[in-house]
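Examining the three-dimensional arrangement
If you want the building blocks of each chain, they are given just below.
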Amino acid sequence: MKERIEIGLMGLGVVGGGVENALREKAADIAKQVGAPLAVKRILVRDPSKKRTCQVQPHLLTTDPQHILSDPEIDIVVEVIGGESPAYDYIKESISRGKHVVTANKEVIAKHGFELLNLAAQHQVALLYEASAGGGIPLIGPLRHDLLANKISAIHAIINGTTNYILTKMALEDIDFTTALREAQELGYAEADPASDVEGIDAAYKLVILAALAFQTQVLLGDVYHEGISRLAARDFRYAKELGYTVKLLAIAKREDNTFQVRVHPTFIPDDLLLAKVNGVFNAVQIDGDLTGRILFYGQGAGAAPTSSAILADAIRVAQNINQGLSQIPQVRLGQTMTARPISEIETRYYLRMTVADRPGVLAQITRILGELLISISSVIQKGVDERAQSAEIVIMTHPAQERAMQQAISQMEKLDVVKEISNLVRVED
Ligand SMILES: NC(=O)c1ccc[n+]([C@@H]2O[C@H](COP(=O)([O-])OP(=O)(O)OC[C@H]3O[C@@H](n4cnc5c(N)ncnc54)[C@H](OP(=O)(O)O)[C@@H]3O)[C@@H](O)[C@H]2O)c1
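Residues numbered from 1 in each chain as written. Predicted model: local features only at pLDDT ≥ 70, side-chain atom pairs only at ≥ 80, totals over all residues.

Helix and strand counts for the protein chain stand at 14 helices and 18 strands. The globule rule puts the C-alpha radius of gyration for 430 residues at 22 Å, and the 24 Å found for the protein chain is close to it. Along the first, second and third principal axes, the C-alpha atoms of the protein chain reach 85 × 45 × 35 Å. Within the protein chain, buried positions represent 45% of all 430 residues. Long-range contacts, defined here as pairs at least 24 residues apart, represent 75% of the contacts in the protein chain between residues at least 6 apart. (Helix = DSSP H or I, 4+ residues; strand = E, 2+ residues; numbered from the N terminus. Rg over C-alpha atoms; globule rule 2.2 N^0.38 Å. Buried ≥ 20, exposed ≤ 12 C-beta atoms within 10 Å, placed from the backbone. Contact = placed C-beta atoms within 7 Å.)

Given below as structure tokens:
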């Protein structure tokens, strides 16, 4: 039994500050669970003179990572710096020096998780990352333990609060993307540079992490097809509503025999699905297991307190192990036998919105292209004739079709002189 378990905290921003606060407020309860106090010994920051939201003793702050990495008394490194570099190097060095690591870093885990987990196993230390996907929602733990006996066939997830906030605003207030994004930025829900969120990159990192555990295989970031939400217009939401759908940025992982597909894109989902009712910054992850059936995790995917809940649970777990003399926490063994299916091979339904010349025979030209590529139409709606421009808007819903065929159809339709613009193509999940 150790008298005290020491943490080296790397980062004291939104999440680091939350961890520091919660650790102090809950010190007695945590010590009871661990059997010894869990205390922060050093905190790595960039700028020690910065004003902090949490109360912290100034002498704990350092700008030298070696004050944590080389300190033999530090058992657990909690990395909440974020980004790939230098966080990846610090995690790697911590593991190599025999320290347990708890991280919230989705980018590092998505890009280097496979390598780092192997390194941790080699050095007989734990690498835990519950906070890296879904913030305060328990996802990694259930996938690593409670769902382990299941063959998971699919994950459908809303795992980016910023984009879900923007899409909810667009749906409820009939506003365009730029206005909704600006409001999200004013409220602090979107960053000044929103690219990682709105382009689906943040969701792609999280999907890599979840899909690897769900399918028990290595998933590479390059396997994920990702498409952002900036092409969505207020009219897409109106048409979606009319057709009985809600628009969400979904992260989707599906298993098919020995292959899997992983993709992040705007998606039409039926209004009556529980996922369709997940609004604002909230996240939800729907998992289909062969034993459990469909289950849904819902909650706050970000924020100081929810994220520190996940980090502290991981740190407590490691500390309990240390005090019981157990060095490792069993990890899901990730194979390398499944292969990723490219987006061109998926089959799904589509919503297609285009502006065409308002004259006879246009629809026939479009349906001929679709028909030749074996894409069958489930409904066509003609909207908003612009008499001055002599154009009309057409919305087509298809039956399931191959993505490759759909992309071929789009490029052929773009060449028709009657097609003025292919405004949007959105995949539909029923
Ligand atoms: N924010 C959330 O709600 C949330 C939710 C889930 C997961 N996460 C993940 O948690 C991690 C941290 O996010 P955050 O929002 O807390 O970030 P943040 O507010 O930007 O904080 C980053 C912290 O790391 C420090 N830092 C940055 N670069 C450094 C460097 N090169 N050397 C030393 N210290 C450095 C900063 O020091 P200074 O304070 O001196 O600038 C700051 O304290 C990220 O991986 C993020 O993806 C965040």
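This part is about the sheet that holds strand β4 (residues 74-79). The 6 strands lie next to each other as β3-β2-β1-β4-β5-β6, forming an open sheet whose pairing is parallel. The sheet is open, and its two borders are formed by β3 (61-62) and β6 (127-128), each paired with just one other strand. As paired elements, β4 and strand β5 (residues 100-103) share 4 bridges and run parallel to each other. The residue of β5 that forms the bridge with Val 78 is Val 102. (Pairing = 2+ DSSP bridges.)

With that settled, consider the site of the ligand. Lining the immediate environment of the ligand, one finds 23 residues, of which Gly 11, Gly 13, Val 15, Gly 82 and Ala 302 sit closest. The leading source of residues in the shell around the ligand is helix α1 (residues 14-25), at 3 residues. (Near = placed C-beta within 6 Å.)

A few words now on the packing of helix α5 (residues 106-122) against helix α10 (residues 201-215). Here α5 crosses α10 at 50 degrees, and the two axes come no closer than 8 Å. The pairing of α5 with α10 is recorded here as oblique in orientation. The interaxial crossing formed by α5 with α10 has left-handed handedness. Taken together, the residues of α10 that come into contact with α5 (itself represented by Lys 106, Glu 107, Ile 109, Ala 110 and Gly 113) are Tyr 205, Lys 206, Val 208, Ile 209 and Ala 212. (Axes fitted to C-alpha atoms, helices over the stretch in contact; angles between N-to-C directions. Parallel < 35°, antiparallel > 145°, perpendicular 65-115°, else oblique. Left-handed = near helix turned anticlockwise from the far one by under 90°.)

A word on the pairing of β4. Of all the 6 residues making up β4, 6 are buried; the element is thus mostly covered by neighbouring parts of the structure. Note that the unit made of β4, helix α4 (residues 87-96) and β5 has a crossover that is right-handed. (Right-handed = clockwise from strand over helix to strand, strands pointing away.)

Between Ser 85 and the following residue, Pro 86, the backbone shows a cis peptide bond with an omega angle of 10 degrees. Relative to the helices and strands, Pro 86 is located in the loop between β4 and α4. At Leu 374, a residue that is not glycine, the phi angle is positive and equals roughly 60 degrees. Mapped onto the fold, Leu 374 is located in the loop between α13 (362-372) and β15 (377-386). A tally of 11 C-beta atoms within 10 Å means that Leu 374 is categorised as exposed.

Here we take up the packing of helix α2 (residues 27-34) against helix α12 (residues 304-323). Axis separation between α2 and α12 bottoms out at 9 Å; the angle between their running directions is 40 degrees. Taken as axis vectors, α2 and α12 run oblique relative to one another. Across the interface between the two elements, Ile 30, Gln 33 and Val 34 from α2 touch Ile 316, Ala 319, Gln 320 and Asn 323 from α12. Of the residues belonging to the contact of α2 with α12, the class tally is 4 nonpolar, 3 polar and no charged. (Nonpolar A, V, L, I, M, F, W, Y, C, P; charged D, E, K, R; others polar.)

Between its first and last C-alpha, α12 extends 28 Å over 20 residues, near the 28 Å set by a 1.5 Å rise per residue. Buried within α12 are the following residues: Ala 304, Thr 307, Ser 308, Ser 309, Ala 310, Ile 311, Leu 312, Asp 314, Ala 315, Val 318, Ala 319 and Ile 322. Gly 325 sits one or two residues past α12 and shows a positive phi near 75 degrees. (Expected span 1.5 Å × (residues − 1).)

The domain boundaries assigned to the protein chain delineate domain 1 (5-136 + 304-323), domain 2 (140-300) and domain 3 (346-428). The straight-line distance from the C-alpha centre of domain 1 to that of domain 2 is 27 Å. Taken together, the contacts link 15 residues of domain 1 with 15 residues of domain 2. Element by element, the count of residues in the side of domain 1 that touches domain 2 is highest for α5, at 7 residues. Looking at the side of domain 1 that touches domain 2 residue by residue, the classes come out as 6 nonpolar, 5 polar and 4 charged. (Domains from an automatic or database assignment.)

This part takes up the environment of Lys 92. Structurally, Lys 92 is set in helix α4. Discounting residues that sit within four places of it in the chain, Lys 92 has contacts with Leu 116 and Leu 119.

Next up on the list: the nonpolar core. Val 78, Leu 207, Val 208, Leu 210, Ala 211, Ala 214 and Ala 315 are the most contacted members of the largest nonpolar core, which has 130 residues in total. Contact partners of Ala 211, with chain neighbours within four places excluded, come to Ile 155, Val 219, Ala 253, Phe 260 and Val 262. (Core = buried A, V, L, I, M, F, W, Y, C linked by C-beta atoms within 7 Å.)

Moving on, we come to the environment of Lys 32. Along the chain, Lys 32 falls in helix α2. Linking Lys 32 and Thr 62, residues 30 residues apart in sequence, is a C-alpha distance of 29 Å.

Among the 12 residues that make up strand β10 (residues 259-270), 10 are buried, leaving the element largely enclosed by the rest of the structure. By the bridge criterion, 12 bridges tie strand β9 (residues 245-256) to β10 in an arrangement that is antiparallel. Bridge pairing in β10 links Arg 255 to Phe 260. Between β9 and β10, which pair antiparallel and follow one another directly, the connecting turn spans 2 residues, one of which, Asp 257, has a positive phi of 50 degrees.

Within the secondary structure, Ala 184 is located in helix α8 (residues 177-186). When the C-alpha positions of Ala 184 and Ile 166 are compared, they lie 6.7 Å apart, and in sequence the two are 18 residues distant. With sequence-adjacent residues up to four places away left out, Ala 184 is seen in contact with Thr 162, Tyr 165, Ile 166, Tyr 189 and Ala 190.

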